[in-house]
Amino acid sequence: MEIELIIRLVLSVLTIIFGALSAYFSQNEKLRNMAVKYITEAEDMYKDTTKAGGQKFNWVVETLYNLVPVPLKFIITKPLIETIVQSTFDSIERYAKMQLDKSIDKNAENK
């Protein structure tokens, strides 16, 4: 009887852990997708402002953090969202540079 109780407790704990992990990864992916949208919006909102990088970054982080459901805020923290936003921006920047390099190379070949 005691073994059965222990097995049920272990299964319950594992279910909770895997449920939390599933929610975390699902929310994390949604945040990455939303980060692109809000980075674009921030670029447009602050297009007439010089040296607004910090303002844009903070706006995106705050906007995304407000989308996180309250029960997940102990797992998905602001520092985590800051990391997501920065890595998303870095990826966008690398892609833009790659496209610019391709364009420059194409123009150089056509001359």
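A quick note: this is a predicted structure, and the numbers were derived from the prediction, not measured.

K.L.:
Any chance you could explain the overall build of the chain here in plain terms?
P.N.:
Within the chain one finds 3 helices and 0 strands. Counting from the amino terminus, the chain carries its helices and strands in the arrangement α-α-α. Relative to its length of 111 residues, the chain is extended, with a C-alpha radius of gyration of 21 Å against a globular reference of 13 Å. The dimensions of the chain, computed from C-alpha atoms along their principal axes, are 85 × 35 × 15 Å. Burial analysis of the chain (111 residues in total) assigns 21% to the buried set. Partitioning the contacts of the chain with sequence separation of at least 6, the portion at a separation of at least 24 is 59%.

K.L.:
Where do I start with the confidence of the model for the chain in this structure?
P.N.:
Counting all residues, the mean pLDDT for the chain is 81, and 94% of those residues have values of 70 or more. Predicted confidence in the chain is weakest over helix α1 (residues 2-45), with a mean pLDDT of 79, and strongest over helix α2 (residues 53-67), with 88.

K.L.:
Please explain the nonpolar core as it appears in this structure.
P.N.:
What tends to happen in soluble globular proteins is that the nonpolar side chains get buried as a cluster. In terms of nonpolar packing, the biggest core is built from 16 residues, with Leu 31, Val 60, Leu 64, Val 68, Ile 76, Ile 81 and Val 85 touching the most fellow members. Listed by contribution, the elements that provide at least two residues to this core are α1, α2 and α3 (78-110). No other element matches α1, which puts 6 residues into this core. With near-sequence residues (within four places) excluded, Leu 31 lies in contact with Leu 64, Val 68, Ile 76, Ile 81 and Ile 84.

K.L.:
What is the right way to read α2 from this model?
P.N.:
Residues lying three or four places apart along an α-helix face the same way, a consequence of the helix completing one turn every 3.6 residues. Between its first and last C-alpha atoms α2 spans 22 Å; for 15 residues at 1.5 Å apiece the expected length is 21 Å, and the two agree. Looking only at α2, the buried set comprises Lys 56, Val 60, Val 61, Thr 63, Leu 64 and Tyr 65.

K.L.:
Help me understand the pattern of salt bridges in this model?
P.N.:
Should their charged atoms come close, side chains of opposite charge can pair. For the structure shown, the criterion picks out 3 salt bridges. Glu 62 is the partner of Lys 78 in a salt bridge, and the nearest nitrogen-oxygen pair spans 2.6 Å. Of the two residues, Lys 78 is situated in helix α3 and Glu 62 in helix α2; the sequence distance between them amounts to 16 residues. The partly exposed category is assigned to Lys 78, whose relative accessible area is 30%.

Each value, and the rule that gives it
- Residues numbered from 1 in each chain as written.
- Predicted model: local features only at pLDDT ≥ 70, side-chain atom pairs only at ≥ 80, totals over all residues.
- Heavy atoms only, no water.
- Helix = DSSP H or I, 4+ residues; strand = E, 2+ residues; numbered from the N terminus.
- Rg over C-alpha atoms; globule rule 2.2 N^0.38 Å.
- Buried < 20%, exposed > 50% of the residue type's maximum accessible area, 1.4 Å probe, protein only.
- Contact = heavy atoms within 4.5 Å.
- pLDDT = per-residue confidence, 0-100.
- Core = buried A, V, L, I, M, F, W, Y, C linked by side-chain atoms within 4.5 Å.
- Expected span 1.5 Å × (residues − 1).
- Salt bridge = Lys/Arg side-chain N within 4 Å of Asp/Glu carboxyl O.

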